[in-house]
There are 2 protein chains.
Amino acid sequence: MGRVRRPERDPLEGLRERAGDRRSGASEIFQRALNLLVDSARLGLPRESVLECVRALCDSHPEMVPLLNLSAVVESLTGWPAGAVGRLEALREHARYARLRAAEAAAARIEDARRVVTLSWSSTTFEALRRAALSGSLREVVVAQSLPLGEGLETAGRLASLSLKVVVIPDSAIPSQVREADASLVGADAVLGDGSLVNKVGTLSLALACDAFGIPLVATTDLLKVDVWGRFRRPETSSCDGLPEPPKGVELECPIFEVTPARFISIYATEEGPVSPLDVVDRAGQLLRRLVEG
Amino acid sequence: MGRVRRPERDPLEGLRERAGDRRSGASEIFQRALNLLVDSARLGLPRESVLECVRALCDSHPEMVPLLNLSAVVESLTGWPAGAVGRLEALREHARYARLRAAEAAAARIEDARRVVTLSWSSTTFEALRRAALSGSLREVVVAQSLPLGEGLETAGRLASLSLKVVVIPDSAIPSQVREADASLVGADAVLGDGSLVNKVGTLSLALACDAFGIPLVATTDLLKVDVWGRFRRPETSSCDGLPEPPKGVELECPIFEVTPARFISIYATEEGPVSPLDVVDRAGQLLRRLVEG
């Protein structure tokens, strides 16, 4: 195992702090938790204490599928702690490049498209568009404002630094813009057991338009975001940021996420290349078993 | 013909002023133009001068189908001026109640719905919802914000004065809200020769969701808005009111209207009751011929 880096602090305490982390994204929390788990195994901390911390972490982020999968992995590891270190390191190594490979697969999938519609912010989608702009035929990206929160503007601003025509549209115009595009591209917050996609609200409008007008919808996701064991619980997260004050007697209702049924997704672009929504759960399960069993 | 009201001013001058009117809606301009035409016929003004003014009016409002139809009616009138007065008065009488009857037909169509989704502002749709709230089972209306311009808030505010639960949503959430509704209801800026609907942007998102999830989409329109003779020219109107400033190097694109194909409209609620999108042009043609030929 070579030289063991001495962790600076108690890994279990670190895991407990991650449970309270409401600011970081799923990938960031996942990477930190994985580092802390590697440390826990190296230090030979008791399996039950580690498991307890991982479960608390999942309970506080029940929508972060990579964490839920990580918890399932830790539960299934044999030979704790000695046998666990190599497995957890293999998972960490996989996770390190998975999103980049998913972006690569997405870029390959849209290499003939000149005009692509997208929404919200996804680092994987952005990387795919960057690659397509460099080596594909991509010339124009249409970005929906993505209310509530309006992350489309962040995406648009960053795309504008590449050599692309970038257009922002109101979310109401998504279907008419899809009609005149070659492809649509979105990220993923999670993929459910039936192959459906959990992502920012607006995705369903995009997906229905793609379906109606025969435009492919590519969803970029690494397989670690696939809810292989059905542990995902839909978050009740809502925000009305970016929406005007309602008139007297009127409610505002602004959920952030929505579920797009599998039949409206053309393909998932993953670290293993393009995967059909019908196969994505099996493929993710196989991958995780391979990583755990070696 | 009874006592003839003396018009206060030159009707042709009035028609010329209407051509320059950029503030009033199609129905208002239509009603005023019709009054001026009745006056023109009563005063026996020369047919060619009247026609010239009507054509100029249409040229300056090529998206206002009632005006285009009015122009076609004036062109086809026989026996100017004597025979024209009664015909134009019959048309005016029809127009006076057409929208109210269309609202009545829409209310009848949604009388079993408890939860309806709508968008933008339409006086006919509002009247239909008001009637459904009074005598139907309607309890809740979900109104999309309707960017650009955001007229959904006006609709929501006025609905809130009735005894209804009123919820405003971002346009991104239209499809997921439709999924949980009993019906959707929209107005019409125009109906084209192929039965498709010209209406505020966002309508296509609503229509695609209705189609995907088996929810009826009722479009309220009087038959005078149907482009019987193919004279409609799509306006290039756009506005980005209500959208944030784009980042550097990014364009904003905000068309106001969009076309929803006939296959996504369940029914048009008209002054002659519910009419299929396949039949709506024929029905409007028959109505106009009846009014003109008596």
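Since the structure is predicted, the reported quantities are computational estimates derived from the model, not experimental observations.

What counts and how
- Residues numbered from 1 in each chain as written.
- Chains lettered and ligands numbered in written order.
- Predicted model: local features only at pLDDT ≥ 70, side-chain atom pairs only at ≥ 80, totals over all residues.
- Heavy atoms only, no water.
- Pairing = 2+ DSSP bridges.
- Helix = DSSP H or I, 4+ residues; strand = E, 2+ residues; numbered from the N terminus.
- Axes fitted to C-alpha atoms, helices over the stretch in contact; angles between N-to-C directions.
- Core = buried A, V, L, I, M, F, W, Y, C linked by side-chain atoms within 4.5 Å.
- Buried < 20%, exposed > 50% of the residue type's maximum accessible area, 1.4 Å probe, protein only.
- Right-handed = clockwise from strand over helix to strand, strands pointing away.
- Contact = heavy atoms within 4.5 Å.
- Buried area = accessible area lost by both parts, 1.4 Å probe.
- Salt bridge = Lys/Arg side-chain N within 4 Å of Asp/Glu carboxyl O.
- Polar contact = N/O pair within 3.5 Å; in protein donor to acceptor, adjacent residues only side chain to side chain.
- Domains from an automatic or database assignment.
- Nonpolar A, V, L, I, M, F, W, Y, C, P; charged D, E, K, R; others polar.
- Phe/Tyr/Trp six-rings, centres within 6.5 Å; stacked < 30°, edge-to-face > 60°.
- Lys NZ or Arg CZ within 6 Å of the ring centre and 35° of its normal.

(A) Representation of the sheet that holds strand 7 (residues 217-220) of chain B within the structure. Taking strand neighbours across the sheet as the criterion, the eight strands line up as 8(A)-3(B)-2(B)-1(B)-4(B)-7(B)-10(B)-11(B) in an open arrangement whose pairing is mixed. What marks the edges here is a single partner per strand, and that holds for strand 8 (250-252) of chain A together with strand 11 (273-275) of chain B. Pairs of neighbouring strands in the sheet enclose a mean axial angle of 30°, with direction left out of account. Strand direction decides the pairing type here: strand 2 (residues 140-144) of chain B and strand 3 (residues 165-169) of chain B, joined by five bridges, are parallel. Note on strand 3 of chain B: the bridge partner recorded for Val142 of chain B is Val167 of chain B.

(B) Structural view of the nonpolar core. If you look at the biggest cluster of nonpolar residues, it comprises 158 residues, and the most contacted ones within it are Leu15, Leu70 and Leu88 of chain A together with Leu88 of chain B. Formed by 26 residues, the second largest nonpolar core is a distinct cluster that contains Ala106, Ala113, Val143 and Leu159 of chain A.

(C) Inspection of the sheet that holds strand 5 (residues 190-191) of chain B at higher detail. All names here are of chain B. Reading across the sheet, the three strands line up as 5-6-9 and stay open at both edges, with antiparallel pairing between neighbours. On the outer flanks of this sheet lie strand 5 and strand 9 (257-260), each paired with one strand and no other. Of the pairings in the sheet, the one linking strand 6 (residues 197-200) to strand 9 comprises four bridges and is antiparallel in character. From the neighbouring strand, Lys200 faces strand 9, where its bridge partner is Phe257.

(D) Examining the pairing of strand 1 (residues 115-119) of chain B more closely. Residue and element names in this part refer to chain B. With five of its five residues buried, strand 1 lies for the most part within the structure. Sheet topology places strand 1 next to strand 2; five bridges connect them, and they run parallel. By the bridge assignment for strand 2, Arg115 is matched with Glu140. Running through helix 6 (residues 123-135), the crossover from strand 1 to the neighbouring parallel element strand 2 is right-handed. Of the pairings in the sheet, the one linking strand 1 to strand 4 (residues 183-186) comprises two bridges and is parallel in character. Counterpart to Val116 in the pairing with strand 4 is Ala183.

(E) Spatial organisation of the interface of chain B and chain A. The interface of chain B with chain A comprises 45 residues on the first partner and 44 residues on the second. Its largest share of buried area at the contact with chain A, chain B owes to Ser172, Leu208 and Glu253 of chain B, together 16% of the area lost on that side. The tally of links between chain B and chain A comes to zero salt bridges. Linking chain B to chain A there are 17 residue pairs in polar contact (both at pLDDT 80 or more). For the side of chain B that touches chain A, the secondary-structure elements that each account for two or more residues are helix 7 (152-159), strand 3, helix 8 (174-178), helix 9 (203-213), strand 8 (250-252) and strand 9 of chain B.

(F) Examining the domain arrangement of chain A more closely. All names here are of chain A. Partitioning chain A into domains gives domain 1 (11-100) and domain 2 (101-281). Computed from C-alpha atoms alone, the centre-to-centre distance between domain 1 and domain 2 is 28 Å. Taken together, the contact between domain 1 and domain 2 spans 18 residues of the former and 22 residues of the latter. The junction of domain 1 with domain 2 conceals about 1700 Å² of combined surface from both sides, 56% of it contributed by carbon and sulfur atoms. Here domain 1 and domain 2 share one salt bridge between them. Breaking the side of domain 1 that touches domain 2 down by element, the ones donating at least two residues are helix 4 (65-76) and helix 5 (82-109). In the side of domain 1 that touches domain 2, the residues fall into 11 nonpolar, three polar and four charged.

(G) Summary view of the packing of aromatic side chains. Residue and element names in this part refer to chain A. One pass over the structure, following the stated rule, counts two aromatic pairs over all chains. Ring plane angle 40° and centroid distance 5.5 Å describe the contact between Trp121 and Phe126, whose orientation is recorded as tilted. Positioned above the aromatic ring of Phe126 is the side chain of Arg158, whose terminal nitrogen or guanidinium carbon lies 5.1 Å from the ring centre.

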